[in-house]
Amino acid sequence: MKVTIIGAGAIGGLLGLKLAATGEAQVSALARGATLAALREHGWRVKQGETLAAAPVAAVYPLEEAAKLGVQDLVVIAVKGPALAQVAACVAPLLGPQTLVLPAMNGVPWWFCKGVAPFGDETLTSVDPQGAIGAAIPQANVIGCVVHASAATPAPGLVDHKMGRGLIIGEPGGGTSERVQRLAALLTRAGFDVAASENVRLDIWYKLWGNLTMNPVSAITGATIDRLLDDPLVRAFCSAAMREAAAIGAKIGCAIEQSPEDRHEVTAKLGAVKTSMLQDVQAQRPIELDALVGAVREIGQRVAVPTPNIDALLGLTRLFGRVHGLYPQ
């Protein structure tokens, strides 16, 4: 089986190593810069506690060499949202009619509203403004994915896997399929806790429902999750934004039955955790604001749900990002 990982960071590196370790897959990576050099020298490396696991990888530079890999059975896209439009052009040489594309990313994916009223065939301009992503990656190849794992990259090409092995996968249009079952079996053999979902859009929206507030508020304040939830005013603001997102979800087939306070109680168990967006700010990387917040606002406008709290969150975080050079002007 031929597999390519696009984005050999924390989640991409974890998936790459685990798939290579099965012995069932020839795993390649599209990378650049220091990560490319590290992968070529050391292969996949994942640290968990005091244990370091490694596996070989064929690492190539995206645009110039992707075509050399040929058509793949599975392409995993694990880049940050702001980089997706740029790397989408690398995907085309890897795709055949049966190639599966698994976007292991945060937030609302580009395909999320396709075929859903009132969007029809229109793309979400917040995550695919020119339609280039949807044009480069046919939805027929896509398998929806939600990642429940915490990992970081303390050095290029080195993954520190902190906790979690959860993956939820499913057909973008819902229901079950043989290809999802086959992929779920492979990922299970690779050591992940995999659930094949009949409504992966709901699973994506549910994860987003928590990330929508925790990520940007932590980015602005520099606070870990425990401190955010311990502040009653911040907690109430997050709850208000989550109620708006829940109202949007109810109109697009992603109804959430849980209350914001119930979700806060679950999130609080994580303790003093830095969100991925806070980690990006501290590392001076572009923030994934559009997929996590901008897309929710855009969908809310289309289904006529007022979003004053989400609007405020987007405006504040966008300005913060621009001031710090982490979001486009």
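Residues numbered from 1 in each chain as written. Predicted model: local features only at pLDDT ≥ 70, side-chain atom pairs only at ≥ 80, totals over all residues. Heavy atoms only, no water.

### Digging into the overall build of the protein
Along the protein, the regular secondary structure elements total 13 helices and 10 strands. On C-alpha atoms alone, the protein measures out to a radius of gyration of 19 Å, which is about the 20 Å that the 2.2 N^0.38 rule sets for 329 residues. Along the three orthogonal principal directions, the C-alpha set of the protein runs to about 50 × 45 × 35 Å. Here the analysis covers contacts within the protein between residues at least 6 apart in sequence; of these, 74% occur between residues at least 24 apart. Split by element, the accessible area of the protein, about 14,000 Å² in all, is 55% carbon and sulfur. Of the side-chain charges in the protein, 28 are positive and 28 negative, and the distance between the mean point of each set is 4 Å. (Helix = DSSP H or I, 4+ residues; strand = E, 2+ residues; numbered from the N terminus. Rg over C-alpha atoms; globule rule 2.2 N^0.38 Å. Contact = heavy atoms within 4.5 Å. Areas by Shrake-Rupley, 256 points an atom, 1.4 Å probe, with all protein chains shown as cover. Lys, Arg positive; Asp, Glu negative; His and termini not counted. Charge placed at Lys NZ, Arg CZ, Asp CG, Glu CD.)

### Quick look at the packing of aromatic side chains
Applying the stated criterion across every chain, the model contains 3 aromatic pairs. With centroids separated by 6.2 Å and ring planes inclined at 45 degrees, the aromatic side chains of Trp111 and Phe112 adopt a geometry described as tilted. What makes Trp111 buried here is its relative accessible area of 2%. What makes Phe112 buried here is its relative accessible area of 1%. (Phe/Tyr/Trp six-rings, centres within 6.5 Å; stacked < 30°, edge-to-face > 60°. Buried < 20%, exposed > 50% of the residue type's maximum accessible area, 1.4 Å probe, protein only.)

### Concerning the UniProt feature "domain: Ketopantoate reductase C-terminal" (unreviewed entry) in the protein
Mapped onto this structure's residue numbering, the UniProt feature "domain: Ketopantoate reductase C-terminal" (unreviewed entry) falls at residues 199-318. With 74% helix and 0% strand, residues 199-318 has end C-alpha atoms that lie 31 Å from one another. (UniProt positions renumbered as here; feature names shortened; annotations may be inferred.)

### Overview of the pairing of strand β9 (residues 158-170)
Across 3 bridges, the pairing between strand β3 (residues 44-48) and β9 is parallel. Residue pairing in the sheet places Arg45 in a bridge with Leu158 of β9. Sheet analysis places strand β8 (residues 144-155) next to β9, joined by 9 bridges and oriented antiparallel. What sits directly across from Ser150, in β9, is Met163. Hairpin connection, β8 to β9: the antiparallel pair is bridged by 2 residues, and Gly157 has positive phi, about 75 degrees. Where β9 meets strand β10 (residues 193-196), 4 bridges bridge the pair, whose relative direction is parallel. Looking at the pairing, Ile168 lines up with Ala195 of β10. (Pairing = 2+ DSSP bridges.)

### Structural notes on the sheet that holds strand β1 (residues 2-6)
Spatially, β5-β2-β1-β6-β7 is the arrangement adopted by the 5 strands of the open sheet, whose pairing is parallel. Of all strands in the sheet, those with a lone pairing partner are β5 (58-60) and β7 (100-103), marking the two edges. On average, adjacent strands in this sheet sit at an angle of 20 degrees to one another, irrespective of strand direction. Across the sheet, helix α2 (residues 33-42) lies against β2 (26-30) and β5, angled at about 155 degrees from β5, the strand it touches most. (Axes fitted to C-alpha atoms, helices over the stretch in contact; angles between N-to-C directions.)

### Focus: the domain arrangement of the protein
Under the domain assignment used here, the protein contains domain 1 (2-198) and domain 2 (202-324). Counting residues at the interface gives 28 residues for domain 1 and 24 residues for domain 2. Counting the surface lost from both domain 1 and domain 2, the interface buries some 2,200 Å², and carbon and sulfur atoms represent 62% of this. Where Lys80 meets Asp280, a salt bridge forms, and the shortest distance between an N and an O atom there is 3.3 Å. Across the contact surface, domain 1 and domain 2 share 10 residue pairs in polar contact (both at pLDDT 80 or more). Listing elements by their share of the side of domain 1 that touches domain 2, those giving two or more residues are β8 and β9. Of the residues belonging to the side of domain 1 that touches domain 2, the class tally is 18 nonpolar, 8 polar and 2 charged. (Domains from an automatic or database assignment. Buried area = accessible area lost by both parts, 1.4 Å probe. Salt bridge = Lys/Arg side-chain N within 4 Å of Asp/Glu carboxyl O. Polar contact = N/O pair within 3.5 Å; in protein donor to acceptor, adjacent residues only side chain to side chain. Nonpolar A, V, L, I, M, F, W, Y, C, P; charged D, E, K, R; others polar.)

### Remarks on the packing of helix α7 (residues 200-221) against helix α13 (residues 308-323)
Running from N to C, α7 and α13 cross one another at 35 degrees; their axes reach a closest spacing of 10 Å. Considering the relative orientation of α7 and α13, their crossing is left-handed. Here α7 contributes Leu212, Thr213, Pro216, Val217, Ala219 and Ile220 to the contact with α13, which in turn contributes Ile310, Leu313, Leu316, Thr317 and Phe320. For the contact of α7 with α13, the residue count by class is 9 nonpolar, 2 polar and no charged. (Left-handed = near helix turned anticlockwise from the far one by under 90°.)

### Some thoughts on the environment of Gly325
Following the sequence through the fold, Gly325 ends up in the segment after α13. In this structure Gly325 comes out as exposed when scored by relative accessible area, which is 61%.

### Some points on the side chain of Asp128
With respect to the helices and strands, Asp128 occurs in the loop between β7 and α5 (132-136). This buried residue, Asp128, is left without a salt bridge; Lys114 holds the nearest opposite charge, at 9.1 Å. When near neighbours in sequence (up to four residues on either side) are disregarded, Asp128 contacts Trp110, Thr123, Ile133 and Gly134.

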